[in-house]
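Spelled out, the chains give:
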Amino acid sequence: MKKAAFRLQPVLELRRTQERAAAVASARAAAAASDAARRASDHETALASASLPRSLPAGDFLAAMTVLRFAASDASDARAAAVAAAEQAEAVRAQWTAAAQRTKALERLRERHREAQQHAEAAAEERAADDLVTGRAGRATTEEELPWTD
């Protein structure tokens, strides 16, 4: 019995490639989100540890306050970037999940195809065995060849 090829195999291979690419993109996005969170934490730690001396001349006090305000702004911007990177990583992970689901669906179709082929092969073998057991294999089936129809 000739086996029929799984006609969607090229599509399945494409989907697997897309899934691998999505997995790599997800890993990169997660790493970027982690780095952004680390940078934000570093900025926040540096801001929390900053302090002003008890007595400063007015010009130095204004300069120190300006530096602290910019540091606070940098920390806020870094945290916003970390949140955005985390959201982006989640979106990329969702794309990876969708790609994996599409691949899994085609893999299930391929498995059903294999099961159908195995079932057809088993049925053919069973019919061949039944023919051998009942003696139908190779027996004449036309009336001219039957001896009692003279």
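Draft legend 1. Structural detail: the overall build of the protein chain. Each helix and strand counted, the protein chain has 2 helices and 0 strands in total. When each of the 150 residues of the protein chain is scored for burial, the buried share is 13%. Put simply, of all contacts in the protein chain between residues at least 6 apart along the chain, 84% involve residues at least 24 apart. Approximately 11,300 Å² of the protein chain is accessible, and the part contributed by carbon and sulfur atoms is 57%.

Draft legend 2. Inspection of helix 2 (residues 58–134) at higher detail. If you check helix 2, its first and last C-alpha atoms are 112 Å apart, about what 77 residues at 1.5 Å a residue would give, namely 114 Å. Among all positions of helix 2, only Ala75, Ala78, Ala82, Ala85, Ala89, Val92, Ala99, Thr103, Leu106, Arg110 and Gln117 are buried. Among the structural elements, helix 1 (9–49) are those in contact with the buried residues of helix 2. Once helix 2 finishes, glycine 135 follows within two positions and takes phi at roughly 80 degrees, a positive value.

Draft legend 3. The side chain of arginine 110, seen in detail. Along the chain, arginine 110 turns up in helix 2. Here arginine 110 occupies a buried position and makes no salt bridge, while the nearest side chain of opposite charge, glutamate 111, is found at 5.3 Å. Filtering out sequence-adjacent residues up to four positions away, arginine 110 remains in contact with Phe6, Gln9, Leu12 and Arg16.

Draft legend 4. Region of the structure containing the nonpolar core. Grouped together as the largest cluster of nonpolar side chains are 9 residues: Ala29, Ala33, Ala36, Ala40, Ala78, Ala82, Ala85, Ala89 and Val92. Of all the elements, helix 2 adds the most residues to this core, at 5 residues.

Draft legend 5. Local environment of a nonpolar patch on the surface. On the surface, a nonpolar cluster with roughly 350 Å² of combined accessible area is contributed by Leu52, Phe61, Leu62 and Met65. Locating phenylalanine 61 in the fold gives a position in helix 2. Among the residues examined, phenylalanine 61 registers a relative accessible area of 40% and is labelled partly exposed.

Draft legend 6. The packing of aromatic side chains, seen in detail. Per the stated rule, a full pass over the model turns up 0 aromatic pairs. Positioned above the aromatic ring of phenylalanine 70, the side-chain terminus of arginine 69 is 5.1 Å from the ring centre.

Draft legend 7. Main features of the pattern of salt bridges. All chains considered together, the criterion is met by 4 salt bridges. Arginine 16 is paired through a salt bridge with glutamate 107; the nearest N and O atoms lie 3.3 Å apart. Taken together, the positions of arginine 16 in helix 1 and glutamate 107 in helix 2 put the pair 91 residues apart, joining distant regions of the chain. You can call arginine 16 partly exposed: its relative accessible area is 24%. Across the pair aspartate 42 and arginine 38 runs a salt bridge whose closest N-O atoms are separated by 3.4 Å. Remark: arginine 38 and aspartate 42 occur in helix 1; sequence separation between them is 4 residues, near one turn of the helix. Residue aspartate 42 is classed as partly exposed on the basis of its relative accessible area of 44%.

Draft legend 8. Expanded view of the side chain of serine 26. Within the element layout of this structure, serine 26 appears in helix 1. Classification of serine 26 as buried rests on a relative accessible area of 8%. Beyond its immediate chain neighbours, meaning those up to four positions away, serine 26 contacts Val92, Arg93 and Trp96.

Calculation rules
Residues numbered from 1 in each chain as written. Predicted model: local features only at pLDDT ≥ 70, side-chain atom pairs only at ≥ 80, totals over all residues. Heavy atoms only, no water. Helix = DSSP H or I, 4+ residues; strand = E, 2+ residues; numbered from the N terminus. Buried < 20%, exposed > 50% of the residue type's maximum accessible area, 1.4 Å probe, protein only. Contact = heavy atoms within 4.5 Å. Areas by Shrake-Rupley, 256 points an atom, 1.4 Å probe, with all protein chains shown as cover. Expected span 1.5 Å × (residues − 1). Lys, Arg positive; Asp, Glu negative; His and termini not counted. Salt bridge = Lys/Arg side-chain N within 4 Å of Asp/Glu carboxyl O. Core = buried A, V, L, I, M, F, W, Y, C linked by side-chain atoms within 4.5 Å. Patch = residues over 30% accessible without salt bridge, like charges linked within 9 Å, V, L, I, M, F, W, Y side chains within 5 Å. Phe/Tyr/Trp six-rings, centres within 6.5 Å; stacked < 30°, edge-to-face > 60°. Lys NZ or Arg CZ within 6 Å of the ring centre and 35° of its normal.

Keep in mind that these numbers describe shape and distance, not what the molecule does.
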